[in-house]
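These are the residues of each chain, in order.
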Amino acid sequence: MAETLEFELVSPEKLLVSEPVEMVVVPGAEGNFGALPRHSPLLSTVRPGVLDIYKNGAVANRIFVAGGFAEVTEERCTVLAEEAVRLEDLSRETVEKRLQAARDAAQEADTPAEKAQAQRQLAVAEAMRAALA
């Protein structure tokens, strides 16, 4: 049996995943990184992208995360995600609607704060569409 690492994925709504895994590949701010058992301690921001969960030597689950934070220790990897959705639960139609809404919000934004929020929504929607490709 392969050595495992405890993995938890938490969104504001709920605990999505809590299980032992062989590896988790996280879309970190500086690039993707793989968390394995006995990993060096690490804190990272998470960019919008796909998180891959490995079991039995293969990807067992793929989850889109909209950003957040990751903490890795020798025994555990915890991802606190702003939003998380299993890839199989995403539809192309929903993602395209979200992308159009984000584009509309970016065009209608007046203040610097509104523009920054709209750009963030647009970046998440574009990453979501890329995840489905």
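Everything discussed here concerns the structure shown above.
Residues numbered from 1 in each chain as written. Predicted model: local features only at pLDDT ≥ 70, side-chain atom pairs only at ≥ 80, totals over all residues. Heavy atoms only, no water.

Draft legend 1. Highlighting a negative patch on the surface. A cluster of acidic side chains, namely D104, E108, D110 and E114, defines a negative patch on the protein surface. Note on placement: D104 falls in helix α1 (residues 92–108). Judged by relative accessible area, D104 falls into the partly exposed class, the value being 32%. (Patch = residues over 30% accessible without salt bridge, like charges linked within 9 Å, V, L, I, M, F, W, Y side chains within 5 Å. Areas by Shrake-Rupley, 256 points an atom, 1.4 Å probe, with all protein chains shown as cover. Salt bridge = Lys/Arg side-chain N within 4 Å of Asp/Glu carboxyl O. Lys, Arg positive; Asp, Glu negative; His and termini not counted. Charge placed at Lys NZ, Arg CZ, Asp CG, Glu CD. Helix = DSSP H or I, 4+ residues; strand = E, 2+ residues; numbered from the N terminus. Buried < 20%, exposed > 50% of the residue type's maximum accessible area, 1.4 Å probe, protein only.)

Draft legend 2. The arrangement of α1 in detail. In this model, α1 (17 residues) spans 24 Å end to end at C-alpha, consistent with the 24 Å of a helix rising 1.5 Å per residue. Taken together, the buried positions of α1 are occupied by V95, L99 and A102. Buried residues along α1 cover an arc of 65° about the axis, so they all sit on one side. Turned more than 90 degrees away from the buried face of α1 sit E93, K97, Q107 and E108, all of them exposed. In the core, the buried residues of α1 are packed alongside α2 (112–132). (Expected span 1.5 Å × (residues − 1). Arc of directions from axis to C-beta. Contact = heavy atoms within 4.5 Å.)

Draft legend 3. Here's a closer look at the packing of α1 against α2. Between α1 and α2, the least distance of the axes is 8 Å, while the angle of their chain directions is 155°. By the angle between their axes, α1 is roughly antiparallel relative to α2. α1 and α2 meet at a crossing whose hand is left-handed. Contact residues: R92, V95, E96, R98, L99, A102, R103, A105 and A106 in α1; A118, Q119, Q121, L122, V124, A125, E126, M128, R129 and L132 in α2. The residue makeup of the contact of α1 with α2, split by class, is 11 nonpolar, two polar and six charged. (Axes fitted to C-alpha atoms, helices over the stretch in contact; angles between N-to-C directions. Parallel < 35°, antiparallel > 145°, perpendicular 65-115°, else oblique. Left-handed = near helix turned anticlockwise from the far one by under 90°. Nonpolar A, V, L, I, M, F, W, Y, C, P; charged D, E, K, R; others polar.)

Draft legend 4. Highlighting the side chain of D52. Along the chain, the position of D52 falls in strand β6 (residues 49–55). Every residue in contact with D52, bar those within four places of it in the chain, is listed here: M23, V24, V25, V59, N61 and R62.

Draft legend 5. Representation of the nonpolar core in the model. Core analysis: the largest hydrophobic core is formed by 21 residues, its most contacted members being F7, L9, V26, L51, C77 and V79. Taken together, the elements giving at least two residues each to this core come down to β1 (5–10), β2 (15–21), β3 (23–28), β4 (31–35), β6, β7 (58–65), β8 (68–72) and β9 (76–81). Excluding its chain neighbours within four sequence positions, the residues that come into contact with L51 are F7, V24, V25, V26, P27, N61, R62, I63, V65 and V79. Counting residues in hydrophobic clusters, the runner-up holds 12 residues, among them V85, L90, A127 and L132. (Core = buried A, V, L, I, M, F, W, Y, C linked by side-chain atoms within 4.5 Å.)

Draft legend 6. Structural view of the environment of H39. Tracing the sequence through the fold places H39 in the loop between β4 and β5 (42–46). The spatial distance from the C-alpha of H39 to the C-alpha of T73 is 6.1 Å, given a sequence separation of 34 residues. Those residues within four positions of H39 in sequence are excluded, and the remaining contacts are G34, V72, T73 and E74.

Draft legend 7. Representation of the pattern of salt bridges in the model. Under the counting rule described, the total for this entry stands at eight salt bridges. For E19, the salt bridge is made with K55, and the minimal N-O distance between the two is 3.2 Å. With a gap of 36 residues between them, E19 in strand β2 and K55 in strand β6 connect regions that are remote in the sequence. Given a relative accessible area of 23%, E19 falls into the partly exposed group. By relative accessible area, which is 30% here, K55 ends up partly exposed. Of the charged contacts, one joins E96 and R129 as a salt bridge, the two residues approaching to 3.9 Å between their closest N and O atoms. Placement of the pair is E96 in helix α1 and R129 in helix α2, with a sequence separation of 33 residues. Assessed through its relative accessible area of 32%, E96 is described here as partly exposed.

In short, shape yes, function no, at least from these values alone.
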